Amino acid sequence: MRWENLSPDSEHGRADAALFGAEAVTTRTFDTPEFRGITFHEVRARSIVNRVPGASRMPFEWTVNPYRGCTHACVYCFARKTHSYLDLDTGLGFDSQIVVKVNAPDLLRHRLASRSWHGEHIAMGTNVDCYQRAEGRYRLMPGIIEALRDHANPFSILTKGTLILRDLPLLRQAADVTDVGVSVSVGFTDEELWRTVEPGTPAPERRLDVVRAFTDAGIGCGVLMAPVVPFLGDRPEQLRATVRAIAAAGATSVTPLVLHLRPGAREWFMSWLARHHPHLVARYERLYAEGAYAPRWYQRRITRQVHDLAREYGIGPAGAGAPRRVPAPAPEEAEAERPTQLTLL
């Protein structure tokens, strides 16, 4: 494994000056059912606020990623390629070799206090999930949210993890002084599809419980309907069932995103497809013949169908990356509000 080539920019596909050295790495394993088979590499990073490359399609410029690798083990995860910069496997290695930037909260606080920082929006959960299983042990997000709150810096979080409910009081505090956006990723509600393509994530129903809990707490929560998986999760009745469930949970918006297969993710996904749905391999090769993204005609068709369903059920698309203003809780609500961790299943 090599650490010297890992840089802030390598989060998004470039590797320049070292982000941390091998002397700053501690490797741990934990003999508990939750973490069995997973190795954690604790590092003291040199930087935590990363600039998104100009060519990116992302609607934001800055990100914070306290982890690298993800126990959610989504077979389609576009971030798999980043593990290759450490000479780590982009398949099982990505799912089980987790880099933990243990000093992330302190680094962020220092960056926000610097004269060169001008309070730009920071997006989290855009590379790997900041509320993956490891966060339950390392608890990096409370310190990160506190730093953003104390500097009134706008931010957004995208997650598949139910652990975000632990930090609901902190998110409400942050929303009292800055713009906070919260979104949950739910691409489908089909249980069989979930168990095979997202084996380490909470069930879609549990993620929609997160949306419901935020809505009940007065915090608008959108849903990124991603990914819509061609030929496995795109039938009209599947799209309808998913949008209906999203609406029932009280989501403020639903934004569909068709599966994309970047290098690293593409190879792992196609090997999974060959094992589980060999009859679809040729169809995928044709659909993604031009690159990582499905053809525009297909993307437009899915987007139109989802938006039509969203209007039918009374919800609509979110603005491009726009954070939502979240109201502060009334004093009498604060004591009563005690969010709990939802179960994985």
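Bear in mind the structure is a predicted one, so any value in this text is a computation, not a measurement.

Here we look at the sheet that holds strand S2 (residues 39-43)
And step 1. Here we have 4 strands laid out as an open sheet, ordered S1-S2-S6-S5, and mixed in their pairing. Edge strands, defined here as strands with exactly one partner in the open sheet, are strand S1 (25-29) and strand S5 (67-68).

Details of helix H7 (residues 204-216)
And step 1. With 13 residues, H7 extends 18 Å between its outermost C-alpha atoms, agreeing within 8% with the 18 Å of an ideal straight helix rising 1.5 Å per residue.
And step 2. Buried within H7 are the following residues: Pro-204, Arg-207, Leu-208, Val-210, Val-211 and Phe-214. Along H7, the residues classed as buried sweep out an arc of 140° about the axis, all on the same side.
And step 3. Buried residues belonging to H7 abut helix H5 (168-175), strand S9 (180-185), helix H6 (191-197), strand S10 (221-228) and helix H8 (236-248).

Looking at the environment of Ser-84
And step 1. Tracing the sequence through the fold places Ser-84 in the loop between S5 and helix H1 (92-96).
And step 2. Residue classification places Ser-84 among the partly exposed residues on the basis of a relative accessible area of 22%.

Focus: the state of the cysteines
And step 1. The final tally for this structure, using the stated rule, is 0 disulfides.
And step 2. Between Cys-77, a free cysteine, and Cys-74, which holds the nearest cysteine sulfur, the sulfur-to-sulfur gap is 6.3 Å.

Some remarks on the packing of helix H2 (residues 104-113) against helix H4 (residues 141-150)
And step 1. As a packed pair, H2 and H4 sit with axes 8 Å apart at the nearest point and diverge in direction by 15°. By the angle class used here, H2 and H4 are roughly parallel. Of the two elements, H2 crosses H4, and the hand of that crossing is right-handed. Contacts between H2 and H4 pair Ala-104, Pro-105, Leu-108, Arg-109 and Leu-112 from the former with Gly-143, Ile-144, Glu-146, Ala-147, Leu-148 and Asp-150 from the latter.
And step 2. Class assignment for the residues of the contact of H2 with H4 results in 7 nonpolar, 1 polar and 3 charged.

Some thoughts on the packing of aromatic side chains
And step 1. In this structure the tally under the stated criterion is 10 aromatic pairs.
And step 2. Considering the side-chain rings of Phe-269 and Tyr-284, the 5.4 Å spacing of their centres and the 50° angle between planes classify their relative orientation as tilted. Placement of the pair is Phe-269 in helix H9 (residues 265-276) and Tyr-284 in helix H10 (residues 281-287), with a sequence separation of 15 residues. Comparing Phe-269 with Tyr-284, the two get one shared label, buried.
And step 3. Linked through ring pairs, Phe-231, Phe-269, Trp-272, Tyr-284 and Tyr-288 together constitute an aromatic cluster.
And step 4. Positioned above the aromatic ring of Trp-62, the side-chain terminus of Arg-111 is 5.9 Å from the ring centre.

Here's the deal with unusual backbone geometry
And step 1. Cis geometry marks the peptide bond from Ala-226 to Pro-227; its omega dihedral reads -5°.
And step 2. Phi at Ala-152 is positive, roughly 50°, even though this residue is not glycine.
And step 3. Inspection of the secondary structure puts Ala-152 in the loop between H4 and strand S8 (155-159).
And step 4. Taking the relative accessible area as the measure of exposure, Ala-152 reaches 37% and is therefore partly exposed.
And step 5. Residues other than glycine seldom take positive phi values, yet Phe-231 does so here, at roughly 70°.
And step 6. With respect to the helices, strands and loops of the structure, Phe-231 is situated in the loop between S10 and H8.

Rules and cut-offs
- Residues numbered from 1 in each chain as written.
- Predicted model: local features only at pLDDT ≥ 70, side-chain atom pairs only at ≥ 80, totals over all residues.
- Heavy atoms only, no water.
- Pairing = 2+ DSSP bridges.
- Helix = DSSP H or I, 4+ residues; strand = E, 2+ residues; numbered from the N terminus.
- Expected span 1.5 Å × (residues − 1).
- Buried < 20%, exposed > 50% of the residue type's maximum accessible area, 1.4 Å probe, protein only.
- Arc of directions from axis to C-beta.
- Contact = heavy atoms within 4.5 Å.
- Disulfide = S-S within 2.5 Å.
- Axes fitted to C-alpha atoms, helices over the stretch in contact; angles between N-to-C directions.
- Parallel < 35°, antiparallel > 145°, perpendicular 65-115°, else oblique.
- Left-handed = near helix turned anticlockwise from the far one by under 90°.
- Nonpolar A, V, L, I, M, F, W, Y, C, P; charged D, E, K, R; others polar.
- Phe/Tyr/Trp six-rings, centres within 6.5 Å; stacked < 30°, edge-to-face > 60°.
- Lys NZ or Arg CZ within 6 Å of the ring centre and 35° of its normal.

So, to be careful, I would describe these as geometric facts and stop short of saying anything about function.
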